[in-house]
Amino acid sequence: MKAYSEDLRIRVLAALDGQMSVAQVARTFQISVSSIRRWRAQQTALGHLHPKRPSGRPRRIGPSAETRLLSQLNAAPDASLPEHVSTWTHQQGTSLSRWTMSRAIARLRVSRKKRV
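In short, a report on the structure. Everything quoted here is computed from the prediction, not taken from an experiment.

Description of the layout of surface pockets
Empty space among the atoms can be located by rolling a probe the size of a water molecule over them.
No. 1: Here the largest pocket defines a volume of roughly 260 Å³.
No. 2: Around the largest pocket, the lining residues are Met1, Lys2, Ala3, Tyr4, Arg9, Ser35, Arg38, Trp39, Gln42, Pro51 and Lys52.
No. 3: Tallying contributions element by element places helix α3 (residues 33-46) first for the lining of the largest pocket, with four residues.
No. 4: For the second largest pocket, the calculated volume is near 210 Å³.
No. 5: Forming the boundary of the second largest pocket are Arg57, Pro58, Arg59, Arg60, Ile61, Ser97, Thr100, Arg103, Ala104 and Arg107.
No. 6: When its residues are assigned to classes, the lining of the second largest pocket shows three nonpolar, two polar and five charged.

Right, dumping it as structure tokens:
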């Protein structure tokens, strides 16, 4: 799920400043009361309403490495998933699981069908 835009957050807090109740604002903008409270606390504590970074660790094969993966896939289209993992580990120096490689290939929307 993507974060709500900063513009929406500003409009929500402006509606609260315009004497609307939290429940009315939640119904009007179709957001939760807890989001409104969290945004109000963030505005007070940090002075801005920028969305926070999503939680979780970064991808092992990030957007900057996807071009290298695509060239590897094009160079060896008939290689199996473990072979792609082995090639990546040898060339890039980072070890991956085959599940990580599978997810990265799926993000690129590359078919892994093999020739007979």
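Here's the deal with the pattern of salt bridges
No. 1: As enumerated under the stated definition, the model contains two salt bridges in all.
No. 2: We note a salt bridge from Arg11 to Asp7, for which the minimum N-O separation is 3.3 Å. Of this pair, Arg11 and Asp7 are both found in helix α1 (residues 6-17), four residues apart, which corresponds to roughly one turn of the helix.
No. 3: We classify Arg11 as partly exposed; its relative accessible area is 42%.
No. 4: In this structure, Arg107 and Glu66 form a salt bridge, with 3.6 Å as the shortest nitrogen-oxygen distance.

Here's the deal with the packing of helix α5 (residues 81-92) against helix α6 (residues 98-108)
No. 1: The interhelical angle for the contact between α5 and α6, taken along N-to-C directions, is 95 degrees, at an axis separation of 9 Å. The pairing of α5 with α6 is recorded here as roughly perpendicular in orientation. Residues Leu81, His84, Val85 and Trp88 of α5 touch α6, and the partners they reach there are Arg98, Met101, Ser102 and Ile105.
No. 2: For the contact of α5 with α6, the class distribution of residues is five nonpolar, two polar and one charged.

The rules behind the values
Numbering of residues starts from 1 in every chain and runs along the sequence as written. Reporting in this predicted model follows two pLDDT cut-offs: at least 70 for local features of residues, and 80 or more for side-chain atom pairs to be given and counted; totals over whole chains, interfaces and linings ignore these cut-offs and use all residues. For side-chain calculations, the full set of non-hydrogen atoms in the structure is used, while hydrogens and water are omitted. Here a cavity denotes a set of grid points, spaced 1 Å apart and computed over the protein atoms alone, in which a 1.4 Å probe fits but from which it cannot get out, and a pocket denotes an open set meeting protein on both sides within 12 Å along at least five of seven lines; residues with an atom within 4 Å of a point are reported as lining. Grid points are joined across faces, edges and corners, and a volume is the space filled by probe spheres set on the points. Helical segments are the DSSP runs of H or I of at least four residues, strand segments are the runs of E of at least two, and each set is numbered from the N terminus. In the scheme used here, Gly and all other residues not listed as nonpolar or charged are polar, with Ala, Val, Leu, Ile, Met, Phe, Trp, Tyr, Cys and Pro taken as nonpolar and Asp, Glu, Lys and Arg as charged. The term salt bridge refers to a side-chain nitrogen of Lys or Arg lying within 4 Å of a carboxyl oxygen of Asp or Glu. Categorising residues by exposure relies on relative accessible area from a 1.4 Å probe, with only protein chains included: less than 20% of the type maximum marks a residue as buried, more than 50% marks it as exposed, and the intermediate range marks it as partly exposed. The axes are straight lines fitted to the C-alpha atoms, using for helices just the contacting stretch, and the angles between their N-to-C directions are given from 0 to 180°. Here roughly perpendicular refers to angles of 65 to 115 degrees, roughly parallel to angles under 35, roughly antiparallel to angles over 145, and oblique to all remaining angles. Contacts are assigned to residue pairs with any non-hydrogen atoms lying within 4.5 Å of each other.

The quantities given are spatial measurements derived from coordinates; they are silent on function.
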